[in-house]
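Report on the structure
One-letter residues, chain by chain:
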Amino acid sequence: MGLIDIINSRYSYRGYLDKEVEQEKINYILQCARLAPSAKNLQPWKIYMVRSKEVKERVCEAYARDWLKGAPVIVVFVGEKGENWVRWDGEDYLMCDVTIIADYFILAATEMGLGTCYIAAFDRQKLKEALNLPENEEPFLITPLGYPDPDAKRERNRKPVSDILEEI
Ligand SMILES: Cc1cc2nc3c(=O)[nH]c(=O)nc-3n(C[C@H](O)[C@H](O)[C@H](O)COP(=O)(O)O)c2cc1C
């Protein structure tokens, strides 16, 4: 699969099969994710991979959707505050760094035939408590990880290049 094929087969899947994800696939995805770049190469991130039923239930209290409960794995991308690069004018790049590692992870998962969905609309405090995160760890994104339900809705609606490109 070329990159365009991988990008084209990624959707926000909101429905998962009751099927475990092979450890080899998870290992491959993590190897891809760890190669993500970050500002000043500070790598200010952690990936929490939740498989235990008990912790999954607690994470789902922070984002209460039945389709998330059905995912075999829930992944949370966390930034380590104070460990990241901040530009001289005060602009903080932690969320940017964490988004990049999440993107690498999600595209590698897609290549492995797995479904994902970026989730940001969670209750931050509940999520921090569910994962028992220390004060300096900030969760930015959640994704389910699993085999997508073939009936899960897929749609693609994007602006054309002409609407987003400014050639100067
Ligand atoms: C930063 C970010 C946050 C998102 N948060 C949520 C969310 O909380 N819940 C959800 O169902 N989808 C969420 N999405 C998924 C978007 O709705 C989805 O990516 C967009 O509609 C395009 O659809 P596609 O991913 O299937 O191409 C989020 C996506 C991004 C990039």
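The following refers to the structure shown.

**As for the packing of helix α2 (residues 23–34) against helix α5 (residues 94–111)**
- Where α2 contacts α5, the two axes come as close as 8 Å, and the packing angle between them is 145°. The handedness of the crossing between α2 and α5 is right-handed. From α2, Tyr 28, Ile 29, Leu 30, Cys 32 and Ala 33 reach across to α5, where they touch Ile 101, Tyr 104, Phe 105, Ala 108, Ala 109 and Glu 111.
- Residues belonging to the contact of α2 with α5 are distributed by class as follows: ten nonpolar, no polar and one charged.

**Description of the packing of helix α3 (residues 53–62) against helix α6 (residues 124–131)**
- Viewed as axis vectors pointing N to C, α3 and α6 meet at an angle of 170°, and their least axial separation amounts to 7 Å. Judged by the inter-axis angle, α3 sits roughly antiparallel to α6. Here Val 55, Arg 58, Val 59, Glu 61 and Ala 62 of α3 lie close against α6, whose contacting residues are Lys 126, Leu 127, Glu 129, Ala 130 and Leu 131.
- Broken down by class, the residue content of the contact of α3 with α6 amounts to six nonpolar, no polar and four charged.

**Digging into α6**
- For α6, the complete set of buried residues consists of Leu 127, Lys 128, Ala 130 and Leu 131. The buried residues of α6 occupy an angular sector of 160° when projected down its axis, which confines them to one face.
- Two or three places before Gln 125, at the start of α6, stands the capping residue Asp 123, its side-chain oxygen 3.1 Å from that residue's backbone nitrogen.
- Within two residues after α6, Asn 132 carries a phi angle of roughly 55°, on the positive side.

**Quick look at the nonpolar core**
- Within the largest apolar cluster, 23 residues are counted, with the highest numbers of intra-cluster contacts made by Val 59, Leu 68, Ile 74, Ile 119, Leu 127, Leu 131 and Ile 142.
- Broken down by secondary-structure element, the contributors of at least two residues to this core are α3, α4 (66–69), β2 (73–80) and α6.
- If we ignore the near neighbours within four places in the chain, the residues touching Leu 127 are Val 59, Ala 62, Val 76, Phe 122, Pro 139 and Ile 142.
- Listed in part, the 22 residues of the second largest apolar core include Phe 77, Ile 101, Ala 102 and Leu 114.

**Quick look at the sheet that holds β2**
- The strand order β1-β2-β3 describes an open sheet built from three strands, whose pairing is antiparallel. Because the sheet does not close on itself, it has two edges, and the strands there are β1 (45–50) and β3 (137–145). For this sheet, the mean inter-axis angle between neighbouring strands, taken without regard to orientation, is 20°.
- Pairing analysis gives six bridges linking β1 to β2, with the strands arranged antiparallel. Bridge pairing links Tyr 48 to Val 76 in β2.

**Some details on the site of the ligand**
- Not every one of the 13 residues close to the ligand is listed here, only the nearest: Ser 12, Arg 14, Tyr 63, Tyr 118 and Arg 158.
- Between Arg 156 and the ligand, the recorded distance is 2.9 Å, taken from a side-chain N or O atom to an oxygen atom.
- The side chain of Arg 158 places a nitrogen or oxygen atom 2.8 Å from an oxygen atom of the ligand.
- Summarising the interface, the protein chains cover 62% of the accessible area of the ligand, which totals 620 Å² for the free molecule.

**What about α2?**
- Its twelve residues give α2 an end-to-end C-alpha distance of 16 Å, which sits within 8% of 16 Å, the value for a rise of 1.5 Å per residue.
- Close packing links the buried residues of α2 with β1, α5 and β3.

**Observations regarding the pairing of β3**
- Counting buried residues in β3 gives nine out of nine residues, a clear majority hidden from the surface.
- As paired strands, β2 and β3 are joined by eight bridges and run antiparallel to one another. What sits directly across from Gly 79, in β3, is Glu 138.

Basis of the calculations
Residues numbered from 1 in each chain as written. Predicted model: local features only at pLDDT ≥ 70, side-chain atom pairs only at ≥ 80, totals over all residues. Heavy atoms only, no water. Axes fitted to C-alpha atoms, helices over the stretch in contact; angles between N-to-C directions. Helix = DSSP H or I, 4+ residues; strand = E, 2+ residues; numbered from the N terminus. Left-handed = near helix turned anticlockwise from the far one by under 90°. Contact = heavy atoms within 4.5 Å. Nonpolar A, V, L, I, M, F, W, Y, C, P; charged D, E, K, R; others polar. Parallel < 35°, antiparallel > 145°, perpendicular 65-115°, else oblique. Buried < 20%, exposed > 50% of the residue type's maximum accessible area, 1.4 Å probe, protein only. Arc of directions from axis to C-beta. Polar contact = N/O pair within 3.5 Å; in protein donor to acceptor, adjacent residues only side chain to side chain. Core = buried A, V, L, I, M, F, W, Y, C linked by side-chain atoms within 4.5 Å. Pairing = 2+ DSSP bridges. Near = heavy atom within 4 Å. Areas by Shrake-Rupley, 256 points an atom, 1.4 Å probe, with all protein chains shown as cover. Expected span 1.5 Å × (residues − 1).

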